[in-house]
Structures are given as C-alpha cells and as structure tokens.
Amino acid sequence: SVDTARRTIELESATWASGFNSGANTGSRVIVSYGSNASVDVSGRMHPVSGLERGDVIEVQVRDGNTSTPLAERIVLVRDVNSR
C-alpha cells in the first residue's frame, strides 16, 4: 500500500536480492520511504507513486541511510495488477 501523506510504501511478500535487514522489516512486510520527487518507472516512462495499486509487483532499489525506514532510490513496475 502507498501512504502519500507519509511518503511510504508498505511492501507485502517482500524478497531481497541482497542481504538487507532493517527495523522496518516486520515479517513479510517491509516499509520503505520515498522522496517528494519520486516516481515509478513504467516501461521507461515515469509515473506518480500514487498511481500504484494493491497487487502491483514492483522492484525497489533502496539506500539504507542508518534509519529504521530505508529510502527508495528507484521504483520500477514489474507487473501491473490490471494486466492479468
């Protein structure tokens, strides 16, 4: 889910490509924050984060800035929930 007021994304069933551990990791749910100018790469075109929907599959590259919530540096839509 996306919380545009707090600028956070809660990821369900998150998997990590590298060994990453954070206080924001609560079981299979992970919370990442994003900056005010963040956008989602959808096939090479940038779209607002607010356009993400529950069920979309995204890849998020994060920077662990020594905080409990990692910061998203890049967000890519891998599969749109509506393209089934």
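Everything numeric in this text was worked out from a predicted model, so none of it was measured. Chains are numbered independently. Their residues run from 1 in the order of the written sequence. Totals for whole chains, interfaces and linings use all residues, but because this is a predicted model, local features are given only for residues with pLDDT of at least 70 and pairs of side-chain atoms are given and counted only at 80 or more. The side-chain numbers reported here are obtained from all heavy atoms of the structure, hydrogens and water having been left aside.

All right, on to the pairing of strand E8 (residues 71–79) then. Within a regular strand, the side chains alternate between the two sheet faces. Any two strands between which DSSP finds at least two bridges are classified as paired. Counting from the N terminus, the helices are the DSSP runs of H or I reaching at least four residues and the strands are the DSSP runs of E reaching at least two. The sheet contact formed by strand E5 (residues 39–42) and E8 spans two bridges and is parallel. Bridging across to E8, Asp-41 finds its partner in Val-76.

What follows deals with unusual backbone geometry. Here the phi dihedral of Arg-7 falls at roughly 55 degrees; this positive angle occurs in a residue that is not glycine. By the secondary structure assignment, Arg-7 is in the loop between strand E1 (2–3) and strand E2 (8–11).

What follows is about the side chain of Thr-8. Structurally, the position occupied by Thr-8 is in strand E2. Contacts are assigned to residue pairs that have any heavy atoms within 4.5 Å of one another. If sequence neighbours within four positions are ignored, Thr-8 has contacts with Ser-1, Val-2, Asp-3, Ile-31, Val-32, Ser-33 and Tyr-34.

None of the figures reported here should be taken as evidence of function without further support.
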